[in-house]
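Spelled out, the chains give:
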Amino acid sequence: FMVCFIVYFCISAGVPYGSYKGTPPIGFTTNITTGNLTALSGGAGALSPLFSLLPPSMLIKAIADMGALSFSTKDQGLRFANAYAYCTLENTCDPAYSIGTFWVAWLVEYILYSILALYFENVLPDAMGVRKAPWYFVTASYWGVGSPNVIDKVEVLEASTDEDVIAEEQANHQRANQPFDESLAIEIRGLRQTFSRGGK
């Protein structure tokens with residue numbers, strides 16, 4: 001909550017995008033002679049792209065711009081046709097961070113963050129501790145091409161310690177290849193489950 005509050009306060013104060021007809025954006029300086037904004041050299045403007053990685057920061061900037069464009073009764077607000085054009089250096093607004101640009105950035109970040117979420121969901125352990133290899137998306141079996149590598153063997157995770165369970169296991173192993181016992185009403189052998197792709 002505190003991080004969100006600090007980000008909201010900084011953007012409302014014009015950091016780093018600047019404010020419409022107010023605080024110049026970071027990375028620009030005001031020319032004393034002409035009063036125009038000029039870009040600074042170096043990494044002074046690197047803060048704006050970092051803030052843009054957080055979609056709420058762009059939303060706060062967009063709300064602040066729309067508020068400034070409709071602040072008084074003389075202001076006409078913002079039309080869709082002016083979503084890019086309103087943001088100019090003459091209005092102390094960096095054209096690279098207009099509301100129109102934010103629409104495109106939101107769409108790109110939605111696709112990017114969705115792909116990252118899907119990737120981490122597969123490579124990080126789930127509740128059962130199961131996870132896929134980091135390169136799972138380049139394997140043919142993931143895209144339904146080829147055959148998956150299935151290991152058909154019985155792995156004992158924890159050996160039995162109860163005497164009754166051990167005796168039952170030994171009896172089952174002994175009867176594995178013997179004729180059916182006529183004294184038993186039901187005897188099941190060779191029970192298996194076959195898994196196929198596509199849920200069929």
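What comes next concerns the included structure.

Conventions used here
- Residues numbered from 1 in each chain as written.
- Predicted model: local features only at pLDDT ≥ 70, side-chain atom pairs only at ≥ 80, totals over all residues.
- Heavy atoms only, no water.
- Helix = DSSP H or I, 4+ residues; strand = E, 2+ residues; numbered from the N terminus.
- Buried < 20%, exposed > 50% of the residue type's maximum accessible area, 1.4 Å probe, protein only.
- Contact = heavy atoms within 4.5 Å.
- Disulfide = S-S within 2.5 Å.
- Expected span 1.5 Å × (residues − 1).
- Axes fitted to C-alpha atoms, helices over the stretch in contact; angles between N-to-C directions.
- Parallel < 35°, antiparallel > 145°, perpendicular 65-115°, else oblique.
- Left-handed = near helix turned anticlockwise from the far one by under 90°.
- Nonpolar A, V, L, I, M, F, W, Y, C, P; charged D, E, K, R; others polar.
- Salt bridge = Lys/Arg side-chain N within 4 Å of Asp/Glu carboxyl O.

## Looking at unusual backbone geometry
Then step 1. Here Lys21, not a glycine, exhibits a phi torsion of approximately 55°, which is positive.
Then step 2. Here Lys21 lies in the loop between α1 (2–12) and β1 (28–30).
Then step 3. Look at Lys21 and you get exposed, because its relative accessible area is 61%.
Then step 4. Phi angles above zero are rare outside glycine, and Thr92 is one such case at about 50°.
Then step 5. Owing to a relative accessible area of 13%, Thr92 belongs among the buried residues under this scheme.

## Side note on the environment of Arg131
Then step 1. On the secondary structure map, Arg131 appears in the loop between α4 (99–123) and α5 (163–174).
Then step 2. Sequence separation of Arg131 and Glu121 is 10 residues, and the distance between their C-alpha atoms is 8.4 Å.
Then step 3. Leave out the neighbours within four places in its chain, and Arg131 touches Asn122, Val123, Leu124 and Pro125.

## Structural notes on the state of the cysteines
Then step 1. For the structure shown, the criterion picks out 1 disulfide.
Then step 2. Residue pairing for Cys87: its cysteine sulfur links by disulfide to Cys93, the two sulfurs lying 1.8 Å apart. Taking the sign of the S-S torsion, about -90° here, the bridge from Cys87 to Cys93 comes out left-handed.
Then step 3. Assessed through its relative accessible area of 3%, Cys87 is described here as buried.
Then step 4. Residue classification places Cys93 among the buried residues on the basis of a relative accessible area of 1%.

## Looking at α4
Then step 1. If you check α4, its first and last C-alpha atoms are 36 Å apart, about what 25 residues at 1.5 Å a residue would give, namely 36 Å.
Then step 2. Of all the positions in α4, only Ile99, Gly100, Phe102, Glu109, Asn122 and Val123 are classed as buried.
Then step 3. Residues of α4 that are buried sit in contact with α2 (47–52) and α3 (55–69).

## Some thoughts on the packing of α3 against α4
Then step 1. For the pair α3 and α4, the least separation of the axes is 10 Å and the interaxial angle reads 160°. In terms of axis orientation, α3 runs roughly antiparallel to α4. In the packing of α3 onto α4, the handedness of the crossing is left-handed. Residue-level inspection shows Pro55, Met58, Leu59, Lys61, Ala62, Asp65 and Met66 of α3 in contact with α4, the latter providing Ile99, Phe102, Ala105, Trp106, Glu109 and Tyr113.
Then step 2. Along the lines of polarity and charge, the residues of the contact of α3 with α4 split into 10 nonpolar, no polar and 3 charged.

## Thoughts on the pattern of salt bridges
Then step 1. Here the structure, examined in full by the defined rule, presents 1 salt bridge.
Then step 2. Between Asp65 and Lys61 there is a salt bridge whose closest N-O contact spans 2.6 Å. One end of the pair is Asp65 and the other is Lys61, both in helix α3 and 4 residues apart, which spans about a single turn. In this pair, the class of Asp65 matches that of Lys61, namely buried.

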